[in-house]
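Here's the letter readout for the chains.
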Amino acid sequence: MDILFSHLNFPAQFGAFGAYLARQGWSVTFVTERTDAVPPPGCRMVRMSPHRAPTEGVHRFARPLEAAMINGQAFANAALAARQAGLSPDIVVAHSGWGAGTFARAVWPQAKLVSYVEWYYRFPPVDAVGPIPPGNDPDRRALALARNAPTLLDLAEADLVLCPTQFQADQFPGWIRERLTVLHDGVDTGFFTPDPQARLDLPGVTVPEDAEIVSYATRGMEPTRGFPEFMRALALVQVRRPRLHAVIGGQDRAAYGAGPPDGTSWKRHMLDQLDLDPARLHWPGLLPHGPWRNLLQSTHVHVYLTVPFVLSWSLVEAMAAGAPLVVSDCAPLREALAHDVSAEMVDHRDPEALADAIARLLDDRDRAAQLGQGARAAAEARHAAATLYPARARLLAGLIG
């Protein structure tokens, strides 16, 4: 079976699964615009390169579509060159909404097209941070609809549409939702495992032997992932618990949404605003898989916060590692976890409640361990790559017959 994955940002959701297919004997090709991407063993890589940025001054409703069409043209040009060199995939799997595979059928009419969808924009947005300010609602509804145009183009051609969670699928209109196959990407629960003997061992991070460790990690530090609320709660817990140390992974940037109104970063903004002990704050940056696993195995409480939005892989990896979890009480988390069974769930907009939830697990290590075991069981039941990769392979093979 010959399969091609297209994503602007390799490896993203496709890298590990593509490597699995290659090990099963599939012929696997990746298309990406990343120039530093290295294909997994046994796989090929094709580079796509957009020839220009979207036009300055283009209608703001049309900007997302123009950007996707430029990416789509870059994909088509790279695909045509690959076709000329003999590449003829049976299946093309493309990350939808960004143009990564919109024109796959123009190049390979015989190929089956699989769209991988993540989000459908609406107004008012379900992922809003705080109250929605008053404004021109018809205009904002129109803009949200226009942002979906690239995804809708992809769906018009797709033979199969994959969506990783039911919460994400529920954001789509009913007539689209009927076409979606909900199947999580899968996490390596054989790598992310509990280790009761683990001790914190991160470069540049030193904590006392008797430290209480609270961890938090995110790609970018922003309100979408509850970073300001975490820092406010941390300021409260630091005062109450002098042995508490926080390890905060991620980059000092906003991956989703805007920065604070003072023009700084959210990290700088919160540090300036709060009375925190910097000696008990540790910022290791983005963590590779090994150090990330060590943090999850050695933390006493791991905090994952989010508005209702796409569920992070980091949360499922924390579940698999058996980390005692304090998480936001919102729909995507309730799909993955259960309060008092696999996590302590809390309205993270209340710093006092969040601080109290962290303290409860630090005070009751037996209950924390039980929640960690429940989280591990939930990850194995619903998110294990060992189960999901073969299921996804069978689903794709079934398109060919």
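Above this text you will find the structure in question.
Residues numbered from 1 in each chain as written. Predicted model: local features only at pLDDT ≥ 70, side-chain atom pairs only at ≥ 80, totals over all residues. Heavy atoms only, no water.

Undergrad: Any chance you could explain the overall build of the protein chain here in plain terms?
TA: Counting secondary structure elements, the protein chain contains 15 helices and 13 strands. Relative to the 2.2 N^0.38 estimate, which gives 21 Å for 401 residues, the radius of gyration of the protein chain is 22 Å and therefore close to what a compact globule would have. Once the C-alpha set of the protein chain is aligned to its principal axes, its extents read approximately 65 × 50 × 40 Å. Sorting the 401 residues of the protein chain into buried and exposed places 53% on the buried side. Taking as baseline every contact in the protein chain between residues at least 6 positions apart, the subset at least 24 positions apart corresponds to 68%. With an accessible surface of roughly 17600 Å², the protein chain has 53% of that area assigned to carbon and sulfur atoms. Taken as two groups, the 37 positive and 42 negative side-chain charges of the protein chain have centres that lie 5 Å from each other. (Helix = DSSP H or I, 4+ residues; strand = E, 2+ residues; numbered from the N terminus. Rg over C-alpha atoms; globule rule 2.2 N^0.38 Å. Buried < 20%, exposed > 50% of the residue type's maximum accessible area, 1.4 Å probe, protein only. Contact = heavy atoms within 4.5 Å. Areas by Shrake-Rupley, 256 points an atom, 1.4 Å probe, with all protein chains shown as cover. Lys, Arg positive; Asp, Glu negative; His and termini not counted. Charge placed at Lys NZ, Arg CZ, Asp CG, Glu CD.)

Undergrad: How should the pairing of strand 12 (residues 325–328) be read in this particular structure?
TA: Every other side chain in a regular strand lies on the same face of the sheet, so the side chains alternate between the two faces. As judged from the three bridges shared by strand 11 (residues 301–304) and strand 12, these two strands associate in the parallel manner. Across the sheet, the residue bridging to valine 303 is valine 326, located in strand 12. Since strand 11 and strand 12 lie parallel, the crossover through helix 11 (residues 313–320) that links them has a hand, and here it is right-handed. Here strand 12 runs beside strand 13 (residues 344–346); their pairing, made up of three bridges, is parallel. Across the sheet, the residue bridging to valine 326 is glutamate 344, located in strand 13. Following the backbone out of strand 12, through helix 12 (residues 331–336) and into the adjacent parallel strand 13, one traces a crossover that is right-handed. (Pairing = 2+ DSSP bridges. Right-handed = clockwise from strand over helix to strand, strands pointing away.)

Undergrad: Explain the packing of aromatic side chains to me, please; I cannot follow it from the model alone.
TA: Given two aromatic rings, one states the distance between the centres and the angle between the planes to describe the pair. Taken as a whole and judged by the stated rule, the model has 15 aromatic pairs. Where phenylalanine 5 meets phenylalanine 17, the ring centres are 6.0 Å apart and the plane angle is 80°; that geometry is what we call edge-to-face. Of this pair, phenylalanine 5 sits in strand 1 (residues 2–6) while phenylalanine 17 sits in helix 1 (residues 15–23); the two residues are 12 residues apart in sequence, bridging distant segments of the chain. For the pair phenylalanine 5 and phenylalanine 17, a shared accessibility class is recorded, and that class is buried. Judged by centre distance (5.6 Å) and plane angle (25°), the rings of phenylalanine 5 and phenylalanine 30 are stacked. One end of the pair, phenylalanine 5, is in strand 1; the other, phenylalanine 30, is in strand 2 (residues 27–32), with 25 residues separating them in the sequence. (Phe/Tyr/Trp six-rings, centres within 6.5 Å; stacked < 30°, edge-to-face > 60°.)

Undergrad: Looking at this model, I keep getting lost on helix 13 (residues 351–363). Mind explaining?
TA: In an α-helix, one turn spans 3.6 residues, which is why side chains three or four residues apart end up on the same side. The terminal C-alpha atoms of helix 13, which comprises 13 residues, lie 18 Å apart, in line with the 18 Å expected from a rise of 1.5 Å per residue. Buried within helix 13 we find Leu354, Ala355, Ala357, Ile358, Ala359, Leu361 and Leu362. The distance from a side-chain oxygen at the start of helix 13 to the backbone nitrogen of glutamate 352 is 3.1 Å, and the residue carrying that oxygen is aspartate 350. (Expected span 1.5 Å × (residues − 1). Polar contact = N/O pair within 3.5 Å; in protein donor to acceptor, adjacent residues only side chain to side chain.)

Undergrad: Would you explain the sheet that holds strand 7 (residues 180–182) in this entry?
TA: In sheet architecture, strand pairing relies on hydrogen bonds along the backbone and comes in two forms, parallel and antiparallel. The strand order across the open sheet formed by seven strands is 3-2-1-4-5-6-7, and the pairing between neighbours is parallel. Edge strands, defined here as strands with exactly one partner in the open sheet, are strand 3 (43–47) and strand 7. Between one strand and the next, the sheet's axes are offset by a mean angle of 25°, whatever the strand orientation. Of the strand pairs in this sheet, strand 6 (residues 160–163) and strand 7 are connected by three bridges, and their pairing is parallel. Counterpart to valine 161 in the pairing with strand 7 is leucine 180. With respect to the sheet, helix 2 (residues 63–84) is in contact with strand 1, strand 2 and strand 3, its orientation differing from that of strand 3 by roughly 130°. (Axes fitted to C-alpha atoms, helices over the stretch in contact; angles between N-to-C directions.)

Undergrad: Honestly, the sheet that holds strand 12 in this entry has me stumped. Any pointers?
TA: Taken together, six strands build an open sheet; the order of strands is 10-9-8-11-12-13 and the sheet is parallel. Edge positions in the open sheet fall to strand 10 (281–285) and strand 13, since each of these has one partner strand only. Across the sheet, the mean angle from the axis of one strand to that of its neighbour is 20°, orientation sign disregarded. Sheet strands in contact with helix 10 (residues 289–298) are strand 8 (212–220), strand 9 (244–251) and strand 11, and its direction is about 140° off that of strand 8.

Undergrad: How should the environment of glycine 374 be read in this particular structure?
TA: Within the secondary structure layout, glycine 374 lies in helix 14 (residues 365–382). For the pair glycine 374 and valine 341, spaced 33 residues apart in sequence, the C-alpha to C-alpha distance is 5.8 Å. Setting aside its immediate chain neighbours within four residues, glycine 374 contacts Val341 and Ser342.

Undergrad: I'm lost on the pattern of salt bridges in this one. Help?
TA: A side chain of one charge can pair with a side chain of the opposite charge if their charged atoms are brought near each other. Within the structure shown, the criterion is met by 20 salt bridges. The partner of arginine 376 in a salt bridge is glutamate 380, and the shortest N-O contact between them spans 3.1 Å. With arginine 376 and glutamate 380 both in helix 14 and four residues apart, this pair spans about one turn of that helix. Overall, the relative accessible area of 42% leaves glutamate 380 in the partly exposed class. (Salt bridge = Lys/Arg side-chain N within 4 Å of Asp/Glu carboxyl O.)

Undergrad: For this particular structure, what's the right way to read helix 1?
TA: For helix 1, a buried count of seven out of nine residues is recorded, marking the element as mostly surrounded by other parts of the structure. Those residues of helix 1 not exposed but buried are Gly15, Phe17, Gly18, Ala19, Tyr20, Leu21 and Ala22. Glycine 25 occupies a position one or two residues after helix 1 and carries a positive phi of about 100°.

Undergrad: Sorry if this is basic, but what is going on with the environment of arginine 140 here?
TA: Mapped onto the elements, arginine 140 comes out in helix 4 (residues 137–147). Exposure remark for arginine 140: the relative accessible area of 22% places this residue in the partly exposed category. When the C-alpha atoms of arginine 140 and proline 125 are compared, they prove to be 9.9 Å apart, with 15 residues separating the residues in sequence. For arginine 140, the contacting residues outside a window of four places in its chain are Phe123, Ile132, Pro133, Pro134 and Gly135.

Undergrad: Help me understand the state of the cysteines in this model?
TA: Joining two cysteines, a disulfide is a covalent bond between their sulfur atoms. Using the criterion set out here, one finds zero disulfides in the structure. Counting only cysteine sulfurs, cysteine 330 is the nearest neighbor of cysteine 163, a cysteine outside any disulfide, at a range of 16 Å. A relative accessible area of 0% means that cysteine 163 is categorised as buried. (Disulfide = S-S within 2.5 Å.)

Nothing here speaks to function; it is geometry throughout.
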